[in-house]
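# Commentary on secondary and tertiary structure
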Amino acid sequence: MKEEKDKLLYGDLSYKVMGVVFDVYNTIGSYHNEKYIQKAIATDLDALKIKYQREAAVPLIYKDKQIGKYYLDFIIEGKLILEIKRGGRLIQKDFEQIKAYLKMLDLKLGILILFSDTKVRFSRVLNIY
């Protein structure tokens, strides 16, 4: 398992974050509003002393002018984005959203989490451009 983590971008951090996500899911399930899931995740990140920004505001800049603002669920350790969704499946829009966030912040890794009725699903999204 250690070899596998070493091959992944931010492997150790990713494993810790996913451990938090699975613990939250196993403890409170998927039937709560996203903001409560986020609060539970933040509680566990605090306990592990993992630095994060929650609901981080990120401006959208066009030709040196701010034309909008997005709010990301989490930026963790200034390295990766964690986006939480609830429902039956992840859709293309979810992937496009996290890719846009990665580009805007010039970060390399996003983790897209789906809290579904039956399990946690996740996708690692890389910014390769």
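Before reading further, recall that the structure is shown in the block above.
Our subject in this report is the structure included herewith.

Right, let's get into unusual backbone geometry. Residue E55 is not a glycine yet carries a positive backbone phi of 50°. Considering the arrangement of structural elements, one finds E55 in strand 1 (residues 52-62). Take E55: its relative accessible area is 43%, and that puts it in the partly exposed class. Positive phi outside glycine occurs at D106, with the angle close to 55°.

This part takes up the environment of L72. By secondary structure assignment, the location of L72 is in strand 2 (residues 65-76). Taking C-alpha positions, L72 is 7.5 Å from V58, a pair spaced 14 residues apart along the chain. Contact partners of L72, with chain neighbours within four places excluded, come to R54, E55, A56, V58, I81, E83, Y101 and L105.

Okay, the pattern of salt bridges next. Inspection of the entire model under this criterion finds two salt bridges. Close ionic contact of R54 with E55 constitutes a salt bridge, the shortest N to O distance being 3.8 Å. By relative accessible area, R54 is classed as partly exposed at 28%. A salt bridge links K85 to E83; the nearest nitrogen and oxygen atoms lie 4.0 Å apart. By the burial criterion, K85 is buried, and E83 matches it.

What follows is about the packing of aromatic side chains. For the coordinates displayed, the defined rule picks out four aromatic pairs. Pairing F22 with F122 gives two aromatic rings, centres 6.4 Å apart and planes at 85°, and the pair type is edge-to-face. Of this pair, F22 sits in helix 2 (residues 11-28) while F122 sits in strand 5 (residues 120-126), placing them 100 residues apart in sequence.

Okay, the pairing of strand 5 next. As paired elements, strand 4 (residues 109-115) and strand 5 share seven bridges and run antiparallel to each other. Each bridged residue has a counterpart across the sheet, and for I113 the counterpart in strand 5 is F122. Counting the residues that bridge the hairpin from strand 4 to strand 5 gives four residues.

Moving on, we get to a nonpolar patch on the surface. Where nonpolar side chains cluster on the molecular surface, the patch consists of L9, L126 and I128 and spans about 280 Å² of accessible area. Counting through the fold element by element, L9 comes out in the loop between helix 1 (2-7) and helix 2.

Quick look at helix 3 (residues 34-47) now. Every α-helix carries 3.6 residues per turn, so stepping three or four residues along brings you back to the same face. Along its 14 residues, helix 3 runs 20 Å from first to last C-alpha, staying within 8% of the 20 Å computed at 1.5 Å per residue. Within helix 3 the residues assigned to the buried category are I37, Q38, I41, A42 and L45. Summarising the axial view, the buried residues of helix 3 lie within an arc of 140°, below the 170-degree limit, and thus occupy one face. Structural note: helix 3 exposes T43 and A47 on the side pointing more than 90 degrees away from its buried face. Where helix 3 is buried, its residues touch helix 2, strand 1, strand 2, strand 3 (80-86) and strand 4. One side-chain oxygen of the residue at the start of helix 3 lies 2.9 Å from the amide nitrogen of K35, identifying that residue as N33. Of the residues one or two after helix 3, K49 is the one with positive phi, at around 60°.

How each quantity is defined
- Residues numbered from 1 in each chain as written.
- Predicted model: local features only at pLDDT ≥ 70, side-chain atom pairs only at ≥ 80, totals over all residues.
- Heavy atoms only, no water.
- Helix = DSSP H or I, 4+ residues; strand = E, 2+ residues; numbered from the N terminus.
- Buried < 20%, exposed > 50% of the residue type's maximum accessible area, 1.4 Å probe, protein only.
- Contact = heavy atoms within 4.5 Å.
- Salt bridge = Lys/Arg side-chain N within 4 Å of Asp/Glu carboxyl O.
- Phe/Tyr/Trp six-rings, centres within 6.5 Å; stacked < 30°, edge-to-face > 60°.
- Pairing = 2+ DSSP bridges.
- Patch = residues over 30% accessible without salt bridge, like charges linked within 9 Å, V, L, I, M, F, W, Y side chains within 5 Å.
- Areas by Shrake-Rupley, 256 points an atom, 1.4 Å probe, with all protein chains shown as cover.
- Expected span 1.5 Å × (residues − 1).
- Arc of directions from axis to C-beta.
- Polar contact = N/O pair within 3.5 Å; in protein donor to acceptor, adjacent residues only side chain to side chain.

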